Amino acid sequence: MARMNLYISPGQVVWPRVVLVVGLSMLFAPINVAAFRYTPQHLRGAAVGLFALLRNEGGSVGMSINKIIEQRREQFHLARVGENLGPLNSQVQSYFSQGQAFFMQRTGDPARSQQMTLQTLDNLRQQQAVSLAYFDVFWLFAVLSLGLVLLVLLMKRSVAEKGELIGGE
């Protein structure tokens, strides 16, 4: 997902999400076994509640961290994308003259057409910065996930026996 751009098809968005959802659904049963396998029977009720609390709080903290990183990267990319959008740039001048002619044809108002052209340029700048920020977040969480996968190898092996009750029953 970190290698996407603004000109992708819906299929390029949907299928990575399908893979993610399938992977997450296969993850929860082993996590529950690992969490409750060595918990004494009389503490499992409390462990279920604590596990649910930690899972929900972890998701909330993760989303907050995601949003903070995304906003900071968006600010960074807004500054970087805007560095070359000065009036001396020939491509900006060309875009501005074409945009102004386009909106002048539609509105008949030179001041309004200039404003609309500037707004479309700013909208493009904003779109690029937001997409680059999301791609940075995808890269960061991909690297973090890879590190967490390596930590799984250090976990104690826990396999539920057939018919064994694992959970807060």
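Before reading further, recall that the structure is shown in the block above.
Heads up: these notes are all about the structure in this document. (Residues numbered from 1 in each chain as written. Predicted model: local features only at pLDDT ≥ 70, side-chain atom pairs only at ≥ 80, totals over all residues. Heavy atoms only, no water.)

**Remarks on the packing of helix 3 (residues 90-107) against helix 4 (residues 110-152)**
In step 1: Interaxial distance between helix 3 and helix 4 falls to 8 Å at its minimum, and their mutual angle equals 130°. Regarding the angle of helix 3 to helix 4, the classification is oblique. Between helix 3 and helix 4 lies a crossing of right-handed hand. Contacts between helix 3 and helix 4 pair Val92, Tyr95, Phe96, Gly99, Gln100, Phe103, Met104 and Thr107 from the former with Pro110, Arg112, Ser113, Gln114, Met116, Thr117, Leu118, Thr120, Leu121 and Leu124 from the latter.
In step 2: Partitioning the contact of helix 3 with helix 4 into residue classes produces ten nonpolar, seven polar and one charged. (Axes fitted to C-alpha atoms, helices over the stretch in contact; angles between N-to-C directions. Helix = DSSP H or I, 4+ residues; strand = E, 2+ residues; numbered from the N terminus. Parallel < 35°, antiparallel > 145°, perpendicular 65-115°, else oblique. Left-handed = near helix turned anticlockwise from the far one by under 90°. Contact = heavy atoms within 4.5 Å. Nonpolar A, V, L, I, M, F, W, Y, C, P; charged D, E, K, R; others polar.)

**Re the environment of Glu74**
In step 1: Residue position: Glu74 is located in helix 2 (residues 44-82).
In step 2: Take Glu74: its relative accessible area is 15%, and that puts it in the buried class.
In step 3: Along the chain, Glu74 and Gln128 lie 54 residues apart, while their C-alpha atoms are 9.1 Å from each other.
In step 4: Apart from the residues within four sequence positions on either side, Glu74 is in contact with Gln126, Ala129, Val130 and Ala133.
In step 5: Within the structure, Glu74 has its side chain in polar contact with the side chain of Gln126 (distance 2.9 Å). (Buried < 20%, exposed > 50% of the residue type's maximum accessible area, 1.4 Å probe, protein only. Polar contact = N/O pair within 3.5 Å; in protein donor to acceptor, adjacent residues only side chain to side chain.)

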